Amino acid sequence: MADRVVLAVDQGTTSTRSIVFDRGGRLVSVRQREHRQYFPRPGWVEHDPMEIWANTQRTAAQALRDAASSAGEVVALGIANQRETTVVWDRATGRPVTRAIVWQDTRTADLVSRLAARPDAAVVRERSGMDIAGYFAGPRLRWVLDHVPRARERAEAGELLFGTMETWLVWNLTGGPDGGVHVTDVTNASRTSLMDCRSCTWDPVLLDFFGIPAALLPEIRPSVGELGTATALGSPIPITGTLGDQQAALFGQACFAPGEAKCTYGTGSFLLQNTGTELVRTRSGSISTVAYQLAGEPVHYALEGSVAVAGALVQWLRDGLGLIGTAPEIETLARTVEDNGGCYVVPAFSGLLAPHWRGEARGLVAGLTSYVTKGHLARAVLEATGWQTRDVVLAMAADSGLQLPSLRVDGGMTTNNLLMQFVADVLDTPVVRPMVGETVSLGAAYAAGLAVGLWADVEALRRNWHRSAQWSPVPARAAQLAAEHPTWEKAVRLSIAWGAD
Amino acid sequence: MPGSVQSLERAAAILQVVAGSGGTLGVTDIAAAVGLPKTTAHSLLRTLLGVRFVEQDREGRYALGPGLLRLGAAHLDVNELRSRGSNWTDALASRSGHAVRLATLDREQVRVVHHVFRPDDSVQVLDVGAVLPADRTALGTVLLAFAPHRSVRGAVDARRADVAAVRARGWAVEDGGHEPGTAGLAAPVRGSTGLVVAALGISGPAESVLDRQHQARPLLVSMVVESAQAISRELGWHG
């Protein structure tokens, strides 16, 4: 049965995946290829943009070939990408001037503290909607201009181009040096610290503050809408959707109404809540970000709470302590006991992100007695992820005033029933998992397909979303955990105090 | 040690010596180390070779064999099973339109280890951990039919003549035995050694699982069997 299908590219931190989806939002074929991680110095993380471009072409061609027998016409291409990773390249040759600086890279720490100390630093929060942080792409671009020979001079002369990964891929897909389209989407642009968060245009005051010449910046476009035609994949395919990966997951989870939220449980966890078309000024530790924009429609915003360590803590239990052989076995170990035995783990391996933003915090295990076994430790490890979700949700509720009707979850840890039930109980909110776990690439496919009319509107996408599982809060347990929350907060305070001097 | 089996004790002693030697000892040294005549040691080692608990190099020296090493890894954690199977179970629910369950034999009980809702967004409750009647569900029929131990299979062997048929065709169907009006289909999931470690099944209204002649719908059967094979491959089975 020939049906119209969409190709989605998920350009992630460790790999590039190309996935073909049908009109029902079902996965038709998938191909994946990992790329090399470069760690040239402590705290530095780089990717080779040429390798990522090659992997994109290769996996896309394979996924299209796999789907060719069952699928019909490929009507659109959507891209979701690792956010804040920075590429600068030569407009004439298409060669990057240096390797991509990855979002995990901390080389801009000194630059950021110098910038933050300036008397006019408040303009950043006022205009970009976010505090100055090395987490965002702008400081990385500044670093390239300062450190790569002749980069600033060449950027000012219009010889260089800047982009996050989706910009780099769209430019190459549409011809590269031979007429490539130089664009970014509004969600990715919002993660640079260079965009006016209300008008969604490059802000001259911010460009001046960060010392960035406007000549190398891409044009900011809606997330859903025609960008150009990919000519590099055999037959031409219109590129009609681009989103940062976490925003793509929000879109793939069909969180289109204010209050609706999703949390992706991977190495870290990323919770995004749709706040509608009004920008929320945050005070409680969540950050405001652009959720998506459909061409010709207003921008939708979201609150975001990023937690650095979630699944990574389970990996530590496996690789660092050797208590389990595989990550899923943590549930078996945790079920050997009834509760945490008074034990708490705060996984502040390299500080705490949302809602605390304390880079100096360090991890700790609290409440040890001779009663505590490895089973209790396993429980405490899983509960840490639940407590951190609660902290982020509370901060968001304080900032947005929006109730969370339910939390939509995705990512590898969602097959852990013990954890998902704990999250439901600790939030006192139902937790639901969708049928398609590949929410990032599905979001990119939705954005692209929506633009070409494969789906009529977001309501049609909503109808594609189906529950595969639901965990409902148990009232007595929820009350018990609410009473236990101050103990967790005490452990968090101790982890901050531990790293303080 | 009353009731101990002498040859098993001797074999255990040989395995300890082989393990400790790091693959450097031949039969003469091993016999000396455990204090046995060379002929006795030789026949024990040949038996151990046969079950691949030891292996022998060209010079006749013994080392621990792959059969013994695999023994430690043969146990499949049910949470690992859920994690490895979940992409396939989601796809099966999505394509078949029915609720999907993975179940394992927990001692003599059939226990649900993973449950994916029927994709219609109706109110459903996760029943992971629930025990199902072994002889009245397709999942149970598959698990009992493929169980390695006779003692477990006895119940179903006695009740049914079609255990052999289930084993031969590789799937089972149950019509209304557990809940009236509900039918189920299930197929075996094999672990890396080829043993059946779980059953994968769908269940739903009898009229949608079965055709008018009360036969399993072939399209659904092939979806269940193919998904079970995909999970088996995921677990490392290459049969």
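This is a predicted model, so every value here is computed, not measured. (Residues numbered from 1 in each chain as written. Chains lettered and ligands numbered in written order. Predicted model: local features only at pLDDT ≥ 70, side-chain atom pairs only at ≥ 80, totals over all residues.)

1. So, the domain arrangement of chain B
Next up, step 1: Per the domain assignment, the segments of chain B are domain 1 (6–72) and domain 2 (78–234).
Next up, step 2: Computed from C-alpha atoms alone, the centre-to-centre distance between domain 1 of chain B and domain 2 of chain B is 42 Å. (Domains from an automatic or database assignment.)

2. Side note on the domain arrangement of chain A
Note on interface size: it is often stated as the accessible area lost on association of the parts.
Residue and element names in this part refer to chain A.
Next up, step 1: In terms of domain boundaries, chain A breaks down into domain 1 (5–221) and domain 2 (254–501).
Next up, step 2: The C-alpha centroid of domain 2 is placed 26 Å from the C-alpha centroid of domain 1.
Next up, step 3: In this complex, domain 1 contributes 25 residues to the contact, which on the side of domain 2 involves 23 residues.
Next up, step 4: Of all the secondary structure elements, the ones that give two or more residues to the side of domain 1 that touches domain 2 are strand 1 (5–11), strand 2 (15–21), strand 5 (74–81) and helix 7 (186–189). (Contact = placed C-beta atoms within 7 Å. Helix = DSSP H or I, 4+ residues; strand = E, 2+ residues; numbered from the N terminus.)

3. Looking at the nonpolar core
Next up, step 1: Within the largest apolar cluster, 206 residues are counted, with the highest numbers of intra-cluster contacts made by Val-381 and Ala-444 of chain A together with Val-142 and Ala-186 of chain B.
Next up, step 2: Sort the elements by how many residues they give to this core and helix 12 (residues 374–400) of chain A lands first, with 11 residues.
Next up, step 3: Non-local contacts of Val-142 of chain B, meaning those with residues more than four positions away in its chain, are made with Val-166, Ala-172, Ala-186, Ala-187, Pro-188 and Ala-199 of chain B. (Core = buried A, V, L, I, M, F, W, Y, C linked by C-beta atoms within 7 Å. Buried ≥ 20, exposed ≤ 12 C-beta atoms within 10 Å, placed from the backbone.)

4. Some details on the pairing of strand 8 (residues 196–205) of chain B
All names here are of chain B.
Next up, step 1: Across the 10 residues that make up strand 8, a large majority, eight, are buried.
Next up, step 2: Bridge analysis of strand 7 (residues 182–190) against strand 8 gives nine bridges, and the strand direction is antiparallel. When the sheet's bridge partners are listed, Val-189 is paired in strand 8 with Ala-198.
Next up, step 3: Count of turn residues in the strand 7/strand 8 antiparallel hairpin: five residues, of which Gly-194 carries a positive phi of about 95 degrees. (Pairing = 2+ DSSP bridges.)

5. As for the UniProt feature "binding site: sn-glycerol 3-phosphate" (unreviewed entry) in chain A
Residues and elements named next belong to chain A.
Next up, step 1: When the UniProt feature table is mapped onto this chain numbering, "binding site: sn-glycerol 3-phosphate" (unreviewed entry) sits at Thr-13, Arg-83, Glu-84, Tyr-135 and Asp-245.
Next up, step 2: Mapping Thr-13 onto the fold places it in the loop between strand 1 and strand 2.
Next up, step 3: Look at Thr-13 and you get partly exposed, because 19 C-beta atoms sit within 10 Å.
Next up, step 4: Once residues lying within four places of it in the same chain are set aside, the contact partners of Thr-13 are Gln-82 and Val-102.
Next up, step 5: On the neighbour-count criterion, Glu-84 (25 C-beta atoms within 10 Å) is buried.
Next up, step 6: Here Glu-84 is in contact with Trp-103, Tyr-135, Phe-136, Ala-137, Thr-164 and Arg-191, once residues within four sequence places are set aside. (UniProt positions renumbered as here; feature names shortened; annotations may be inferred.)

6. Some words on the sheet that holds strand 1 of chain A
Residues and elements named next belong to chain A.
Next up, step 1: Across the sheet, which stays open at both edges, the six strands sit in the order 3-2-1-5-14-13 with mixed pairing between neighbours. Because the sheet does not close on itself, it has two edges, and the strands there are strand 3 (27–34) and strand 13 (224–230). Along the sheet, successive strands turn relative to each other by an average axial angle of 25 degrees, direction set aside.
Next up, step 2: Of the pairings in the sheet, the one linking strand 1 to strand 5 comprises seven bridges and is parallel in character. Residue pairing in the sheet places Val-5 in a bridge with Val-74 of strand 5.
Next up, step 3: Strand contacts of helix 1 (residues 49–67): strand 1, strand 2, strand 3 and strand 5, with the helix running at about 155 degrees to strand 3, the strand carrying the most contacts.
Next up, step 4: Contacting strand 1, strand 5 and strand 14 (237–244), helix 9 (residues 245–252) crosses the sheet at an angle of about 105 degrees to strand 14. (Axes fitted to C-alpha atoms, helices over the stretch in contact; angles between N-to-C directions.)

7. Concerning the interface of chain B and chain A
Next up, step 1: In this assembly, 17 residues from chain B lie in contact with 17 residues from chain A.
Next up, step 2: Top contributing element to the side of chain B that touches chain A by residue count: helix 5 (residues 78–96) of chain B, with 10 residues.
Next up, step 3: Class assignment of the residues belonging to the side of chain B that touches chain A gives a composition of seven nonpolar, five polar and five charged. (Nonpolar A, V, L, I, M, F, W, Y, C, P; charged D, E, K, R; others polar.)

8. Digging into the environment of Gly-20 of chain B
Residues and elements named next belong to chain B.
Next up, step 1: Tracing the backbone through its elements, the reader meets Gly-20 in helix 1 (residues 6–21).
Next up, step 2: Among the residues examined, Gly-20 registers 10 C-beta atoms within 10 Å and is labelled exposed.
Next up, step 3: The spacing of Gly-20 and Ala-63 is 43 residues in sequence and 9.3 Å in space, taken between C-alpha atoms.

9. So, helix 12 of chain A
Residues and elements named next belong to chain A.
Next up, step 1: Over its 27 residues, helix 12 extends 39 Å from the first C-alpha to the last, a length consistent with the 39 Å expected when each residue adds 1.5 Å.
Next up, step 2: For helix 12, the buried fraction is high: 23 of the 27 residues fall into the buried class.
Next up, step 3: At the exit of helix 12 stands Gly-401, carrying a positive phi of roughly 70 degrees. (Expected span 1.5 Å × (residues − 1).)

10. Describing the sheet that holds strand 16 (residues 269–276) of chain A
Residues and elements named next belong to chain A.
Next up, step 1: Strand order in the open sheet formed by seven strands is 17-18-16-15-21-22-23, and the pairing between neighbours is mixed. What marks the edges here is a single partner per strand, and that holds for strand 17 (287–293) and strand 23 (467–471). Sheet twist, expressed as the mean angle between neighbouring strand axes with direction ignored, is 30 degrees.
Next up, step 2: Note: strand 16 against strand 18 (residues 299–307), seven bridges, orientation antiparallel. In the strand pairing of strand 18, Phe-270 is matched with Ser-306.
Next up, step 3: Relative to strand 16, helix 9 is tilted by about 65 degrees, and along the sheet it contacts strand 15 (261–265), strand 16, strand 17, strand 18 and strand 21 (407–410).

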